[in-house]
2 protein chains.
Amino acid sequence: MITIAVDAMGGDNAPRPEVEGAIAAARELGVRILLVGLSPELKKELAKHSHRGLPIEIVPASEVITMDDSPSQAFRKKKDSSAHVAAKLVRGGQADAFISAGNTGAVMAVARFGLGLLPSVERPALAAPFPTSVGGTAVLLDVGANVDSKPAHLVQFAVMGEIYYRAIFGTRRPKVALLSIGEEESKGNELTREAFARLKLSPLNFTGNVEGRDIFNGSVDVIVCDGFIGNIALKISEGVAAHIAGMLKQALQSTLSSQVGYVLSRKAFKSFRKKIDYSEYGGAPLLGVKGVAIIGHGSSNALAIRNAVRVATELVRGGVNEKIEQEISALPVPVEA
Amino acid sequence: MITIAVDAMGGDNAPRPEVEGAIAAARELGVRILLVGLSPELKKELAKHSHRGLPIEIVPASEVITMDDSPSQAFRKKKDSSAHVAAKLVRGGQADAFISAGNTGAVMAVARFGLGLLPSVERPALAAPFPTSVGGTAVLLDVGANVDSKPAHLVQFAVMGEIYYRAIFGTRRPKVALLSIGEEESKGNELTREAFARLKLSPLNFTGNVEGRDIFNGSVDVIVCDGFIGNIALKISEGVAAHIAGMLKQALQSTLSSQVGYVLSRKAFKSFRKKIDYSEYGGAPLLGVKGVAIIGHGSSNALAIRNAVRVATELVRGGVNEKIEQEISALPVPVEA
C-alpha cells in the first residue's frame, strides 16, 4: 500500500483541513496516511471524525514552522518540525511521498536538502498548474525553486514537467514551450536563446516560445522558465485577479440593480480564484528530488489536502522519478562552444 | 510653440484615429502637429474634419511599417517609413517629440538608433503605466527595450522612471522599488541583489523589493526590472484580464437573470481593460533617447493619440531629458568588487 506522510501542522488553518483531507484520502484513495505533527492536537482533531478501520497513524513531531519563519532559519533550526519529520519518513522509506501546505520556502528547503536530488538532476523545479481558457491545464515551471538558471537547467525542467504532465493529465505527447518575449527563435534573452537551441535537439514535443499572454490560452501544456520569472508570473496572476475582483466589486455595488449582477459575478470570481489557487490541483510538486514532495497553498482546505495526496499517489504509481532519471540521463550532451 | 510629429500610419486603424487625435491635440493642447505619412491618404482623412486655423501640417513619408513586419527588417529596409521620418524630424530639430502607435519593436529601434541615446544613458527603457487598486498609477520599466540588463542599467532605469513619474504624475518623491521574489534584500537573483545594493546608495526614494502581486496595490510608484521580466509581466497582465473576462462572460451568460449582471460587469471590464491598455495613459515613453518618443498601443483610438501628444508635450516642457542627463551623471560610481 502506498504510504503518504502529511505535514499536519503546515497550513494556515492546521491541523483541521489536514486531518479532514487525510481522512478523505485514506477512505477514497486506498492509501495509508502518516499524520505528522503535535500528537495531542492531532489526537484531538482525529477524535472529531469517524475514521475507524482507516489506515491512518500519527507520527509525532515536536516543532512547527510558521508562515512568518524565515525559510532558511526554519530549515536549519527547527529540525524536529512536522515538515522535517515528514521528509525523514520519505528518506527512511517509511513513506513514499510527503505533502505540506506550510511555508513554501521552508518546505522547499526541507524537500531539497532533506530528500536530496535525483543523481542526474542538477536543480529541482516547482511546477504550478494553471487553468486555461479552453478548460484544460497548463503547467508552469520553475515557479521559484531556483534563480539564475542555466540553459541546461531549463532543459531538465522541461523533461521533468513533461513527465509530470503525462502522469497527472494523461496527455501522451504534451506540448512543451519556453516562456519568452516573442515567438521567433531569435527572441528572448541569452538564457532562453541557448535553451531554445537545446530543446530543439531534445526528444520532447517542443513547440517553441510562448509569450506571457499565452500561458492561459491552452495552446501549450508545459511552459518552462527560470524560477525568478516563474515566481513573478505566478504572483502577478494572483495580483491581477485580486485587482480585477476589487474593481468589479466596486463597479457592481454602485447601483441597487447591479447587486444581482454582483452576487452572480462574485460566484464566478470565487470559482476562478479557486482555479488559479494551485491547491485546487492538489498543490505543486517539487520535481527532481528523491521521493515525492507536494507543496500546497497555505490556505489549502480539506479538499486541497485530499487532492495533494491524490497527486502524490499518482506520481508514485506512475514511477515519475524513475522516468525523470532515465530521460534526463538520455538527453543529448550539447557540444560546448 | 512645441511641435509634435505624429506617425499617422502606425496603428491598427491608421490613419483615422491618428488624424482625429492630432486635431484634438492641436485644438486643446496648444501644440503644433506634423502629421507624417502617405500624403494622399492624410489629405483625404484631414478633409473629413474641421481643422481650419489649427497648426497641423502634413509631412510626407512613402513607406508604412506593418504589425507583421519584423522589427529589425523594417528598421533597416523601410528607411522612408512614417516612423523613420517622424524620428528624423526630431533629430533634425523640426519637432520636439514624436509619437507612434505602430509596431512596437520597429518603433523602438527607430527611436533608439534614429535619435540616439543621451550621453550618460547606457540603455533606453520603455516605461509602462499601470492602474493601481487605490486609483493611482504605477510605472513599470523596462517592459521590453532590452534584455540581459546589468545592475547599473537598472539603476539608470530607476532614475529615468522617477523623473518621468514626477513630470507626468506630479509626485514630489515617487517611491521607487525593485521587482523581485521577496521583500528582503537577500531575495532575488544576482541582478536584483546587486541592483538593490546600488539603489540604496542612490539619492532616490528607494523602498526596497516588491513582489509581482504588489504592482497593482499602489504601495509604490516606480517599479524597476529587466526588460525580459517586464515584458512578460505586461503580457501576463493582459492575458489574465482577457482570461477572466472570458470566464466571467461565460458564467454570467448562463442564466437569463444574470444577463443584467453581465451587461453591468461588461462595462466594468471594459473600463478595466481600457485602464490596463497603456494607450489610455497616452502610451509608453522610451526613456533615455535624445528627444522624446512615445509608443502607443496598436489599438490606440483618437483619445489615446491625443493623450500621447499630451504626455510628449509634458515631457518636453518638463525638461525631462536634461534632468535625466544631470541626475545620471551625478549618481555615485560604485566600487567594483
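Residues numbered from 1 in each chain as written. Chains lettered and ligands numbered in written order. Predicted model: local features only at pLDDT ≥ 70, side-chain atom pairs only at ≥ 80, totals over all residues.

Some details on the nonpolar core
No. 1: With 229 residues, the main nonpolar core has V6, L35 and A97 of chain A together with V6, L35 and A97 of chain B as its most contacted residues.
No. 2: Once residues lying within four places of it in the same chain are set aside, the contact partners of V6 of chain A are E18, A22, I33, L34, L35, V36, I99, I305 and V309 of chain A. (Core = buried A, V, L, I, M, F, W, Y, C linked by C-beta atoms within 7 Å. Buried ≥ 20, exposed ≤ 12 C-beta atoms within 10 Å, placed from the backbone. Contact = placed C-beta atoms within 7 Å.)

Concerning the sheet that holds strand 7 (residues 176-179) of chain A
All names here are of chain A.
No. 1: Taken in spatial order, the 11 strands make up an open sheet running 3-2-1-4-11-10-5-6-9-7-8, and their pairing is mixed. Looking at strand neighbours, the two that pair on one side only are strand 3 (56-60) and strand 8 (206-210), the edges of this open sheet. Pairwise comparison of adjacent strand axes, ignoring direction, gives a mean angle of 25 degrees for this sheet.
No. 2: Where strand 7 lies against strand 8, four bridges are found, and the strand directions are parallel. In the strand pairing of strand 8, L178 is matched with N209. (Pairing = 2+ DSSP bridges. Helix = DSSP H or I, 4+ residues; strand = E, 2+ residues; numbered from the N terminus. Axes fitted to C-alpha atoms, helices over the stretch in contact; angles between N-to-C directions.)

Quick word on the pairing of strand 1 (residues 3-7) of chain A
Residues and elements named next belong to chain A.
No. 1: Extensive coverage of strand 1 is indicated by the burial of five of its five residues.
No. 2: The side-chain alternation of strand 1 yields two buried faces, one formed by T3, A5 and D7 and the other by I4 and V6.
No. 3: Relative to strand 2 (residues 32-37), strand 1 runs parallel, the two being bridged by five bridges. Among the inter-strand pairings, I4 is bridged to a residue of strand 2, identified as I33.
No. 4: Pairing analysis gives three bridges linking strand 1 to strand 4 (residues 97-100), with the strands arranged parallel. Bridge assignment links V6 to a residue of strand 4, and that residue is I99.

Quick look at the sheet that holds strand 7 (residues 176-179) of chain B
Residues and elements named next belong to chain B.
No. 1: The strand order across the open sheet built from 11 strands is 3-2-1-4-11-10-5-6-9-7-8, with neighbouring strands paired in mixed fashion. For this open sheet the edge positions go to strand 3 (56-60) and strand 8 (206-210), each flanked by a neighbour on one side alone. On average, adjacent strands in this sheet sit at an angle of 25 degrees to one another, irrespective of strand direction.
No. 2: Across the sheet, helix 2 (residues 39-47) lies against strand 2 (32-37) and strand 3, angled at about 160 degrees from strand 3, the strand it touches most.
No. 3: Together, strand 5 (125-131), strand 6 (137-141), strand 7, strand 9 (222-224) and strand 10 (284-287) form the strand contacts of helix 6 (residues 151-169), whose direction differs from that of strand 9 by roughly 160 degrees.

Looking at the domain arrangement of chain A
Residue and element names in this part refer to chain A.
No. 1: Partitioning chain A into domains gives domain 1 (3-121 + 288-320) and domain 2 (125-277).
No. 2: Inter-centroid distance (C-alpha atoms) of domain 1 to domain 2 is 26 Å.
No. 3: Listed as interface residues are 10 residues of domain 1 and, on the opposing side, 10 residues of domain 2.
No. 4: In terms of residues, the side of domain 1 that touches domain 2 owes the most to one element, helix 10 (residues 302-317), which gives three residues.
No. 5: Taken together, the residues of the side of domain 1 that touches domain 2 break down into six nonpolar, three polar and one charged. (Domains from an automatic or database assignment. Nonpolar A, V, L, I, M, F, W, Y, C, P; charged D, E, K, R; others polar.)

Notes on helix 11 (residues 320-329) of chain A
Residues and elements named next belong to chain A.
No. 1: Buried within helix 11 we find V320, N321, I324 and I328. Along the long axis of helix 11, the arc covered by the buried residues comes to 95 degrees, so they all point the same way. Exposed side of helix 11, more than 90 degrees from the buried face: E322 and S329 are the residues found there.
No. 2: Next to the buried residues of helix 11 lie helix 6 (151-169), strand 10 (284-287) and helix 10. (Arc of directions from axis to C-beta.)

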